[in-house]
Amino acid sequence: MAIITLNNNSLSSVTSLPAAIATGSLVKLAETNVTSSTSDIVVDGHFSSTYDNYQIWLTDVVVTTPSHLKSRVYVSGSEQSGSYYYDTEHTGNGNSSNSQSSCSKTWGDSTWKISHWYPSSNAEDISNFIITINNPLDSTSNPTITSWNTVLGNNFDNLISGNSMLVYNQTTAISGIKFSMNSGNFSKANCIVYGVKN
């Protein structure tokens, strides 16, 4: 059997993919820029039958007081406050003294913790979160969300990367999600909602 080796010249000659290969894309649906102290960022009313999956890019996050970034779902436009929020996060973190990995959870609480680490209040120390919501309009399962997090601690005291799984333990479709801080406000953030096109 012959082994075909591709080199850089072979790849640079490719100008398009065959029609049978779906490439997909992100379609921007909404954007919010936070430039002054703001208590909540709400993403609601953007989910439709047009897309099965969505991503929310919450980037350049700086807060007034370092605390947990928390979240709740919206159902038919209403925020849900019951004790149905479950999450787990696996993180790796490093600082000038050491590095380690850890796992944290929230179990049957009234909010999710998107990250169990605190974003910074220093303007130059930004944190970023990419949140994926699969099939939010499916009313036959518990809404399940994944998040990829990079958190930069105050005064550059910790570099944290983490992956979170968040489950709302109620069989329901969701219309949106709200982000807020456990204490204090957002002082800076950018929030973009994308529909994932297959």
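The following paragraphs examine the structure supplied in this document. (Residues numbered from 1 in each chain as written. Predicted model: local features only at pLDDT ≥ 70, side-chain atom pairs only at ≥ 80, totals over all residues. Heavy atoms only, no water.)

What to know about unusual backbone geometry
Moving on, step 1. Residues other than glycine seldom take positive phi values, yet Ser 76 does so here, at roughly 50°.
Moving on, step 2. Inspection of the secondary structure assignment puts Ser 76 in the loop between strand E4 (69-75) and strand E5 (78-79).
Moving on, step 3. The exposure class of Ser 76 is exposed, given its relative accessible area of 71%.
Moving on, step 4. Unlike most non-glycine residues, Asn 135 shows phi in positive territory, near 50°.
Moving on, step 5. Tracing the sequence through the fold places Asn 135 in the loop between strand E9 (127-134) and strand E10 (144-152). (Helix = DSSP H or I, 4+ residues; strand = E, 2+ residues; numbered from the N terminus. Buried < 20%, exposed > 50% of the residue type's maximum accessible area, 1.4 Å probe, protein only.)

Description of the packing of aromatic side chains
What describes a pair of aromatic rings is the distance from one ring centre to the other and the angle between the planes of the rings.
Moving on, step 1. Counting across every chain of the model gives seven aromatic pairs.
Moving on, step 2. Look at Trp 57 and Tyr 194: their rings are 5.5 Å apart centre to centre, the planes differ by 65°, and that puts the pair in the edge-to-face class. In this pair, Trp 57 is assigned in strand E3 (residues 53-63) and Tyr 194 in strand E13 (residues 186-197), connecting sequence segments 137 residues apart.
Moving on, step 3. Residue Tyr 194 is classed as buried on the basis of its relative accessible area, which comes to 14%.
Moving on, step 4. The interplanar angle of 55° and the centroid separation of 5.0 Å between the aromatic rings of Tyr 85 and Tyr 168 together place this pair among those described as tilted. Highlighted residues: Tyr 85 in strand E6 (residues 85-94) and Tyr 168 in strand E11 (residues 159-168), separated in sequence by 83 residues.
Moving on, step 5. Judged by its relative accessible area of 0%, Tyr 85 falls in the buried class.
Moving on, step 6. Members of the aromatic cluster, connected to one another through ring pairs, are Tyr 84, Tyr 85, Trp 112 and Tyr 168.
Moving on, step 7. The ring centre of Trp 107 lies 5.2 Å from the NZ or CZ of Lys 105, which sits over that ring. (Phe/Tyr/Trp six-rings, centres within 6.5 Å; stacked < 30°, edge-to-face > 60°. Lys NZ or Arg CZ within 6 Å of the ring centre and 35° of its normal.)

Thoughts on the nonpolar core
Moving on, step 1. Formed by 33 residues in total, the largest nonpolar core has its most connected members in Ile 56, Leu 58, Phe 179 and Phe 186.
Moving on, step 2. The element that contributes the greatest number of residues to this core is E3, accounting for five residues. (Core = buried A, V, L, I, M, F, W, Y, C linked by side-chain atoms within 4.5 Å.)

Brief notes about the pattern of salt bridges
Moving on, step 1. For the coordinates displayed, the defined rule picks out four salt bridges.
Moving on, step 2. We note a salt bridge from Lys 28 to Glu 31, for which the minimum N-O separation is 2.4 Å.
Moving on, step 3. Among the residues examined, Glu 31 registers a relative accessible area of 37% and is labelled partly exposed.
Moving on, step 4. The residue Lys 178 makes a salt bridge to Glu 79 at a minimum N-O spacing of 3.0 Å. A residue pair is termed long-range when its members are at least 10 positions apart, and Lys 178 in strand E12 (residues 176-181) and Glu 79 in strand E5 qualify at 99 residues.
Moving on, step 5. Residues joined in a network through salt bridges with shared partners are Asp 40, Arg 72, Glu 79 and Lys 178. (Salt bridge = Lys/Arg side-chain N within 4 Å of Asp/Glu carboxyl O.)

In short, shape yes, function no, at least from these values alone.
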